[in-house]
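Single-letter residue listing:
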Amino acid sequence: MFELNNKVAIVTGSGSLKGIGRDIALKLAEQGASIVVADLNVEGIQDTVKAVEETGAKALGVELNVASKESVDAMIEKVLSEFGRIDILVNNAGISQKVTVEDMTLEDMQRIFSVNMFGLFLCSQAVLKPMKEQHFGRIINLSSVSAKRGGGVFGGAHYSASKAAVLGFAKNLAREVATDGITVNSVAPGLVNTEIWKSLPEADAAKVIDGIPLGRPGETSEIATTIAFLASDEASYITGEDIDINGGSHMD
Ligand code: NAD
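The residue numbers shown here count from 1 along each chain, following its written sequence. For a predicted model such as this one, the threshold for reporting local features is a pLDDT of at least 70, and the threshold for listing and counting side-chain atom pairs is 80 or more; totals across whole chains, interfaces and linings nevertheless cover every residue.

- As annotated in an unreviewed UniProt entry, the chain carries the name Short-chain dehydrogenase and comes from Oceanobacillus neutriphilus.
- UniProt positions are given in the numbering used here, feature names are shortened, and annotations may be inferred rather than shown by experiment. As stated in UniProt under Sequence similarities (unreviewed entry), the record for the chain gives "Belongs to the short-chain dehydrogenases/reductases (SDR) family."

Below, the structure is given as structure tokens:
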């Protein structure tokens, strides 16, 4: 579909067994990329590495805390020593919490931002040097419909704010690095058919579906395919963009 032979892709948060990151890793692998499976979850890393290798692609598992600069720097060192280049970074690791602003603590706010925004900053900053040297790079961020419509079903205002911050950060970075051959884009998924969606009581799920013109949650493969496109040479003239993948639940 989108040829990614000889490309090296880091996918953060790809150790979640039923998550979006794992499907992104598999989709990029199927297109020919070597995959760095980076996550806090060591067991999950091993599982995704195995699944990536089953596609015939190379995989490197790295334990990573995106919120720690030391951890991010150590990952970059490992990736460069194994593969010698970094072409694609997918900033997928993210956390959420359902809480009202009234009940939210400053620590809640800091925790969500430390992963969703500051971790994304650390990972993006760390890949710039190798990407500039190659004069090629693709940075792709997971934002959320919640950034645009003010909340989804599961998060809080801190989650919405962190995912909105991602969009502004990406546009600014896109301007900074465009002449270095690096594009920076984001996707904003609506509800995706992951474990958290399946945990929703039937009546609540029906209410949510009512608000989605396409009448169903998104599939992880639908997010992954859009990301594979943004990572490809075919998307060479797209930067600073964010693509809604939400079944029509929010239209800009
Ligand atoms: P998930 O919880 O299934 O997976 C997230 C992964 O990130 C986990 O494997 C977790 O271990 C990892 N992670 C968490 N903190 C980390 C850290 N500090 N360092 C490294 N890894 C860390 O989540 P998901 O539903 O697959 O969502 C993936 C991304 O898509 C997130 O950024 C999320 O906000 C975004 N998103 C999800 C949905 C949805 O409906 N699931 C909708 C819109 C956006």
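### Description of the overall build of the chain
Working step 1: Each helix and strand counted, the chain has 9 helices and 7 strands in total.
Working step 2: At 17 Å, the chain has a C-alpha radius of gyration in line with the 18 Å of a compact globule built from 252 residues.
Working step 3: Taken along its principal axes, the extent of the C-alpha atoms in the chain is 50 × 35 × 35 Å.
Working step 4: Using C-beta atoms placed from the backbone, we call a residue buried if 20 or more other C-beta atoms fall within 10 Å of its own, exposed if 12 or fewer do, and partly exposed for counts in between. Relative to its 252 residues, the chain shows a buried fraction of 46%.
Working step 5: We call two residues in contact when the distance between their C-beta atoms, placed using the backbone, is within 7 Å. For the chain, the share of sequence-separated contacts (at least 6 apart) that also reach a separation of at least 24 residues comes to 75%. Secondary structure is summarised from DSSP: a helix means a run of H or I of at least four residues, a strand means a run of E of at least two, and numbering begins at the N terminus for each. As defined in this context, the radius of gyration uses C-alpha atoms, and a globule is described by 2.2 Å times the residue total to the power 0.38.

### Topic: unusual backbone geometry
Working step 1: The backbone of asparagine 6 shows a phi angle near 70°, a positive value even though the residue is not glycine.
Working step 2: Positionally, asparagine 6 belongs in the segment before strand E1 (8-12).
Working step 3: A count of 11 C-beta atoms within 10 Å places asparagine 6 in the exposed class.
Working step 4: At histidine 135, a position not held by glycine, the phi torsion is positive, near 55°.
Working step 5: Inspection of the secondary structure puts histidine 135 in the loop between helix H4 (106-134) and strand E5 (137-142).

### Structural notes on the nonpolar core
Working step 1: Defined on buried residues, the nonpolar core groups Ala, Val, Leu, Ile, Met, Phe, Trp, Tyr and Cys residues joined through C-beta atoms within 7 Å. The biggest cluster of nonpolar side chains holds 64 residues, and the ones touching the most others in it are Ala9, Val11, Leu28 and Ile35.
Working step 2: Per-element tally for this core: the top contributor is H4, with 9 residues.

### Concerning the sheet that holds strand E3 (residues 59-63)
Working step 1: Strands are treated as partners if at least two bridges between them are detected by DSSP. Read across the open sheet, the 7 strands follow the order E3-E2-E1-E4-E5-E6-E7; overall the sheet is parallel. Either end of the sheet is taken by a strand with one partner, and the two such strands are E3 and strand E7 (242-245). Across the sheet, the mean angle separating the axes of adjacent strands is 15° when strand polarity is ignored.
Working step 2: Fitting a line to C-alpha atoms yields each axis, with helices limited to the stretch in contact; the angle taken between N-to-C directions then spans 0 to 180 degrees. Each of E1, strand E2 (34-39) and E3 touches helix H3 (residues 69-83); the most contacted strand, E3, lies at about 160° to it.

### Let's talk about helix H2 (residues 42-54)
Working step 1: Look at H2: 19 Å from first C-alpha to last across 13 residues, which is about the 18 Å you get at 1.5 Å a residue.
Working step 2: Along H2, the residues that are buried comprise Gly44, Ile45, Thr48, Val49, Ala51 and Val52. In an axial view of H2, the angular spread of the buried residues amounts to 165°, which keeps them on one side of the axis. Across from the buried face of H2, at angles greater than 90 degrees, the exposed residues are Val42, Glu43, Lys50 and Glu54.
Working step 3: Packing partners of the buried residues in H2 comprise helix H1 (20-30), E2 and E3.
Working step 4: Of the residues flanking the end of H2, it is glycine 56, one or two places downstream, whose phi is positive at about 100°. To estimate how far a helix should reach, multiply one less than its number of residues by 1.5 Å. Directions pointing from the helix axis toward each C-beta atom define the arc.

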